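Architecture at a glance
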Amino acid sequence: METLINRIWYGRHWSRWLLWPLSWLFALISGLRRLAFRLGIKQQQLLPVPVILVGNITVGGSGKTPVVIYLIELLRRQGYRPGVISRGYGSEQTTARMVTADSTPADVGDEPCMIVNRTGVPMAVGSDRIATGLLLLQSAGVDVIISDDGLQHYRLGRALELLVLDAKRGLGNGMLLPAGPLREGAWRLSTVDFILSNGAKQDAQGHYAMTLKSAGLRAVSSLNQNSVPTTAEPITAIAGIGNPQRFFETLQAEGFNLAQTKVFADHHPYNVQDFAMFSSQQPLLMTEKDAVKCRAFAGDNNWWYLAVDAVFSAEFESQLLARVRTVMTNRHE
């Protein structure tokens, strides 16, 4: 099913036209919702501190989480105190709650666990982003909030919008859901503050190139006493993310010998039975997002994850920081 969806969304499969009427219905409903905000029928709400929103207009992975981590570290270096809010997709709860080092993916979602484990940033998750933001402000002394996703959540006021695109997939067939991968039309690109093109080689036409740099292999479990895999030995690689092929290509670019690959659904809730098919002797590599869901049962297995960092041009960083300073200054006036 997932393969067929990809063929429809990112190819020219004829069945997209069968779904086209539903895309028009989707366009009507989402358009009426945006109109309600423009006319004041629905009210956008500003939080007491500026919100920098990182989102996309396509379904599936585009690389938002590395951007969120990049922003956390960048803002900290500039003396700001960032916090993060997220929907907490994949968790079993919807109410606003704080993410801690002891939180599990079932409690708060896999990406929030990954962000907090990597950065220690104050973070809250919940389906109501306003309530989630207010809880974060009550619980931690933050002066700027990064919203992980929520570009179409217009009730949440935002000072800056960063839109992340997969440079290889782009906008797919250009159609709205369900005939295509778009949550909003291509017109949305002209309304955001920055467009980040994940996988692009260089800045071009208003898009800022984003690359993912390896931060090295790390053991999934502290019980793993095996040697770090080398590029010479055959490995198994798994991925349960929005664009698993990008992860496999990253490993190949690092020189790893992929003897076997396995794709799981995005946000897949792993259990030990999922790994019964793999050799216990051969190193198994996964994404950092997968690792947070496997840590509890990884034991002393030869399992590793590849940590990656988002890298941008000096021009982008300069432009972004200038906009952030303007936003922060205006908020205090």
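One structure accompanies this document, and this report is about it. Every value quoted in this text rests on a predicted model; they were computed, and no experiment measured them.

1. A word on the overall build of the protein
In terms of helices and strands, the protein carries nine helices and twelve strands. Over its C-alpha atoms the protein spans a radius of gyration of 20 Å, differing by no more than 12% from the 20 Å that the globule rule assigns to 333 residues. The buried share of the protein, reckoned over its 333 residues, is 50%. Taking as baseline every contact in the protein between residues at least 6 positions apart, the subset at least 24 positions apart corresponds to 74%. A total accessible area of about 15400 Å² is found for the protein, and carbon and sulfur atoms account for 54% of it. Each charge class in the protein can be summarised by its mean position, and for the 32 positive and 28 negative side chains these summaries are 7 Å apart.

2. What to know about the environment of R38
By the secondary structure assignment, R38 is in helix α2 (residues 16-38). Of the residues examined, R38 reaches a relative accessible area of 61% and is grouped as exposed.

3. Notes on the pattern of salt bridges
Throughout the structure, instances matching the rule amount to 15 salt bridges. A salt bridge links D128 to R155, with the nearest nitrogen and oxygen atoms 3.0 Å apart. Linking D128 in the loop between β4 (123-125) and α6 (129-139) with R155 in the loop between β5 (144-148) and β6 (160-166), this pair joins segments that are 27 residues apart in sequence. You can call D128 partly exposed: its relative accessible area is 30%. Linking R188 and E184 is a salt bridge whose minimum nitrogen-to-oxygen distance equals 3.1 Å.

4. Quick look at the pairing of strand β8 (residues 207-219)
Pairing analysis gives four bridges linking strand β7 (residues 194-198) to β8, with the strands arranged parallel. Paired with N198 across the two strands is M210, which belongs to β8. Here β8 runs beside strand β12 (residues 303-311); their pairing, made up of seven bridges, is antiparallel. Looking at the pairing, A219 lines up with W304 of β12.

5. A few points about unusual backbone geometry
Cis geometry marks the peptide bond from L177 to P178, where omega comes out at 0 degrees. Counting through the fold element by element, P178 comes out in the loop between β6 and β7. The phi dihedral of Q205 falls on the positive side, at around 50 degrees, and the residue is not glycine. Mapping Q205 onto the fold places it in the loop between β7 and β8. The backbone of H267 sits at a positive phi, close to 65 degrees, despite the residue not being glycine. Owing to a relative accessible area of 17%, H267 belongs among the buried residues under this scheme.

6. Some words on helix α3 (residues 64-77)
Here α3 spans 20 Å end to end across 14 residues, near enough to the 20 Å set by a 1.5 Å rise per residue. Taking burial as the measure, the 14 residues of α3 include eleven buried ones, the bulk of the element. Where α3 ends, the next residue or the one after it, G79, has phi of about 90 degrees, a positive value.

7. What about the packing of helix α5 (residues 110-119) against helix α8 (residues 288-298)?
Put simply, α5 and α8 touch, their axes get as near as 9 Å, and they point 95 degrees apart. Between α5 and α8, the angle falls in the class roughly perpendicular. Note on element contacts: α8 touches α5 through E288, K289, V292, K293 and R295, opposite D110, E111, C113, M114, N117 and R118. Of the residues that constitute the contact of α5 with α8, the class distribution is three nonpolar, one polar and seven charged.

Here is what the cut-offs are and how they apply
- Residues numbered from 1 in each chain as written.
- Predicted model: local features only at pLDDT ≥ 70, side-chain atom pairs only at ≥ 80, totals over all residues.
- Heavy atoms only, no water.
- Helix = DSSP H or I, 4+ residues; strand = E, 2+ residues; numbered from the N terminus.
- Rg over C-alpha atoms; globule rule 2.2 N^0.38 Å.
- Buried < 20%, exposed > 50% of the residue type's maximum accessible area, 1.4 Å probe, protein only.
- Contact = heavy atoms within 4.5 Å.
- Areas by Shrake-Rupley, 256 points an atom, 1.4 Å probe, with all protein chains shown as cover.
- Lys, Arg positive; Asp, Glu negative; His and termini not counted.
- Charge placed at Lys NZ, Arg CZ, Asp CG, Glu CD.
- Salt bridge = Lys/Arg side-chain N within 4 Å of Asp/Glu carboxyl O.
- Pairing = 2+ DSSP bridges.
- Expected span 1.5 Å × (residues − 1).
- Axes fitted to C-alpha atoms, helices over the stretch in contact; angles between N-to-C directions.
- Parallel < 35°, antiparallel > 145°, perpendicular 65-115°, else oblique.
- Nonpolar A, V, L, I, M, F, W, Y, C, P; charged D, E, K, R; others polar.

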